[in-house]
Amino acid sequence: MERGARRGGGVLAAAWRRLWERGPGDGGGPGGPARLSLRPGHGPGAAGPAARRIQGSRPFSLSAAARAILGTGRWGDDGGKQKLTLRDVAELIRKKECRRVVVMAGAGISTPSGIPDFRSPGSGLYSNLEQYNIPYPEAIFELMYFFANPKPFFTLAKELYPGNYRPNYAHYFLRLLHDKGLLLRLYTQNIDGLERVAGIPPDRLVEAHGTFATATCTVCRRKFPGEDFRGDVMADKVPHCPVCTGVVKPDIVFFGEELPQRFFLHVTDFPMADLLFVIGTSLEVEPFASLAGAVRSSVPRVLINRDLVGPFAWQRRYNDVAQLGDVVSGVEKLVELLDWSEEMQTLMQKEKDKLDAKDK
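Nothing here was measured: the structure is a model prediction, and the numbers come from that model. (Residues numbered from 1 in each chain as written. Predicted model: local features only at pLDDT ≥ 70, side-chain atom pairs only at ≥ 80, totals over all residues. Heavy atoms only, no water.)

Student: Help me understand the packing of helix 7 (residues 169–179) against helix 13 (residues 341–359), please; the structure alone is not making it clear to me.
Tutor: In a packed pair of helices, the relevant descriptors are the angle between the two axes and the axis-to-axis distance. Contact pair helix 7 / helix 13: the axes reach a minimum separation of 10 Å and the direction vectors enclose 110°. Compared by their axis directions, helix 7 and helix 13 come out roughly perpendicular. Here Tyr169, Tyr172, Phe173, Arg175, Leu176 and Asp179 of helix 7 lie close against helix 13, whose contacting residues are Glu343, Met344, Gln345, Leu347, Met348, Lys350, Glu351 and Leu355. Grouping the amino acids of the contact of helix 7 with helix 13 by side-chain chemistry returns eight nonpolar, one polar and five charged. (Axes fitted to C-alpha atoms, helices over the stretch in contact; angles between N-to-C directions. Helix = DSSP H or I, 4+ residues; strand = E, 2+ residues; numbered from the N terminus. Parallel < 35°, antiparallel > 145°, perpendicular 65-115°, else oblique. Contact = heavy atoms within 4.5 Å. Nonpolar A, V, L, I, M, F, W, Y, C, P; charged D, E, K, R; others polar.)

Right under this line is the structure:
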């Protein structure tokens, strides 16, 4: 089901994905400023003072080993209440006591599809970006640089354009949540579009950092389907508007641009949620990260992630559950507890056959 990264452009895709998961915002959490945007840091790899992180200048996360040493009950006040387990959460879903599920997803759900991680040792990220003669990596995602030289951006876009990678087990778990009528909304930091490829409809998605599904002329502001310009991008051409000849940019959020209007659905979605999944994200980027604290205190929160992050590390609730380690393995364990394994295999095979037929 998984397609590996194509050679040559992998590190560029890594730059894209990690910078957008890190992308500093200048808004707060729920109830923050009405205008939320991304702003660049100061120098390669630096978020700079524009980045608003949780509880101070550095995010706090704990590895599974540190968690085992320190124990899990040292954060937050459980009030003597019984702590939940992953099995308990599965039982709540099976009994239909949780029917409005909100999911927050990050880069960790896409790495199993072959999309490289920015942080992988030896990725050669910065050295590979040097060939484009850019002053620092974030310049690729700055509007002023894009207007002066859009070519590096579209070289990077070619690597991540929908069709280069396929969804994995984690994506199809989210699709199954939707198929069962349980998914209220999926909030994703990813711009690879794999949630759409997995069959999750746009009305259930909030693509917090934008999408390739649509594009906008930078001059006349006309909107176009992103697929209209796939041929140009794959042919290493800068796409131009058929009306005014201006450069057409995919609707990916650049530094300084406002977040999509759909992001503000969190104002109603999170108070309505009766279960929150946080999957494959470092919870470092505001305003996205603050959403983890926007559900009611009575609502179970489930982290499926490599490390403890955000409030799961420093402000843990009695009804928080942390399944640490490999993301896909964590999702597989949950699916097994839900007794959905057979349905998952059927869904994945059906979708694989569809994608195979499309690729022919």
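Having seen it, we continue.
Student: I tried to follow a positive patch on the surface on my own but got confused; where do I start?
Tutor: A grouping of Lys96, Arg99, Arg100 and Arg296 is seen on the molecular surface, where their side chains present a positively charged patch. The topology assignment puts Arg100 in the loop between helix 3 (86–94) and strand 1 (101–105). (Patch = residues over 30% accessible without salt bridge, like charges linked within 9 Å, V, L, I, M, F, W, Y side chains within 5 Å. Areas by Shrake-Rupley, 256 points an atom, 1.4 Å probe, with all protein chains shown as cover. Salt bridge = Lys/Arg side-chain N within 4 Å of Asp/Glu carboxyl O. Lys, Arg positive; Asp, Glu negative; His and termini not counted. Charge placed at Lys NZ, Arg CZ, Asp CG, Glu CD.)

Student: Can you help me understand the packing of helix 3 against helix 12 (residues 327–338) in this one?
Tutor: One way to put it is that helix 3 packs onto helix 12 with a least axis distance of 9 Å and a crossing angle of 50°. When the axis of helix 3 is compared with that of helix 12, the two are oblique. Judged by the twist between their axes, the crossing of helix 3 over helix 12 is right-handed. When helix 3 is examined against helix 12, the residues Leu86, Arg87, Ala90, Ile93 and Arg94 are found in contact with a partner set consisting of Lys333, Leu334, Leu337 and Leu338. Across the contact of helix 3 with helix 12, the residue classes tally to six nonpolar, no polar and three charged. (Left-handed = near helix turned anticlockwise from the far one by under 90°.)

Student: What's the story with the nonpolar core in this structure? I'm lost.
Tutor: If you look at soluble globular proteins, the nonpolar side chains tend to sit buried side by side. Counting residues in each nonpolar core, the largest one holds 40 residues, and the members touching the most others are Ile93, Val103, Phe173, Leu174, Leu177, Phe277 and Trp340. Those elements that place two or more of their residues in this core are helix 3, strand 1, helix 7, strand 2 (183–188), strand 7 (275–279), strand 8 (301–305), helix 12 and helix 13. When residues no more than four places from it in sequence are discounted, the contact partners of Trp340 are Ile93, Phe173, Leu176, Leu177, Lys180, Leu182 and Val335. Of all hydrophobic cores here, the second largest spans 29 residues; its members include Ile140, Phe141, Tyr165 and Val247. (Core = buried A, V, L, I, M, F, W, Y, C linked by side-chain atoms within 4.5 Å. Buried < 20%, exposed > 50% of the residue type's maximum accessible area, 1.4 Å probe, protein only.)

Student: Whenever I open this one, the pattern of salt bridges confuses me. Can you help?
Tutor: Using the criterion set out here, one finds 14 salt bridges in the structure. In this structure, Asp356 engages Arg166 in a salt bridge whose closest nitrogen and oxygen atoms are separated by 2.8 Å. Pair noted here: Asp356 is in helix 13 and Arg166 is in the loop between helix 6 (151–160) and helix 7, with a separation of 190 residues, a long-range link. Take Arg166: its relative accessible area is 9%, and that puts it in the buried class. Taken together, the shared-partner salt bridges connect Arg175, Asp179, Glu351 and Lys354 into one network.

Student: I'm lost on unusual backbone geometry in this one. Help?
Tutor: Leave glycine aside and you will find that most residues have negative phi; peptide bonds, for their part, are mostly trans. Cis geometry marks the peptide bond from Glu286 to Pro287; its omega dihedral reads 10°. Checked against the element boundaries, Pro287 lands in the loop between strand 7 and strand 8. Of note in the backbone geometry, Asp236 takes a positive phi value of approximately 65° without being a glycine. Mapping Asp236 onto the fold places it in the loop between helix 9 (230–234) and strand 6 (248–252). For Asp236, a relative accessible area of 40% corresponds to the partly exposed category. Positioned with a positive phi, Thr245 is a non-glycine residue whose angle comes to about 70°. Mapped onto the secondary structure, Thr245 falls in the loop between helix 9 and strand 6. Here Thr245 falls in the exposed class, since its relative accessible area comes to 59%.

Student: Got a minute to help me understand the sheet that holds strand 3 (residues 205–207) in this structure?
Tutor: Sheets are built from strands that pair by backbone hydrogen bonding, the pairs being arranged parallel or antiparallel. Spatially, the six strands line up as an open sheet ordered 3-2-1-7-8-9, and their pairing is parallel. Sheet topology places strand 3 and strand 9 (320–324) at the edges, where each strand pairs with a single neighbour. Across the sheet, the mean angle from the axis of one strand to that of its neighbour is 15°, orientation sign disregarded. By the bridge criterion, four bridges tie strand 7 to strand 8 in an arrangement that is parallel. Within strand 8, the position partnered with Val278 by the bridge is Leu303. Its contacts with the sheet put helix 12 on strand 7, strand 8 and strand 9, and the angle it makes with strand 8 is roughly 135°. (Pairing = 2+ DSSP bridges.)

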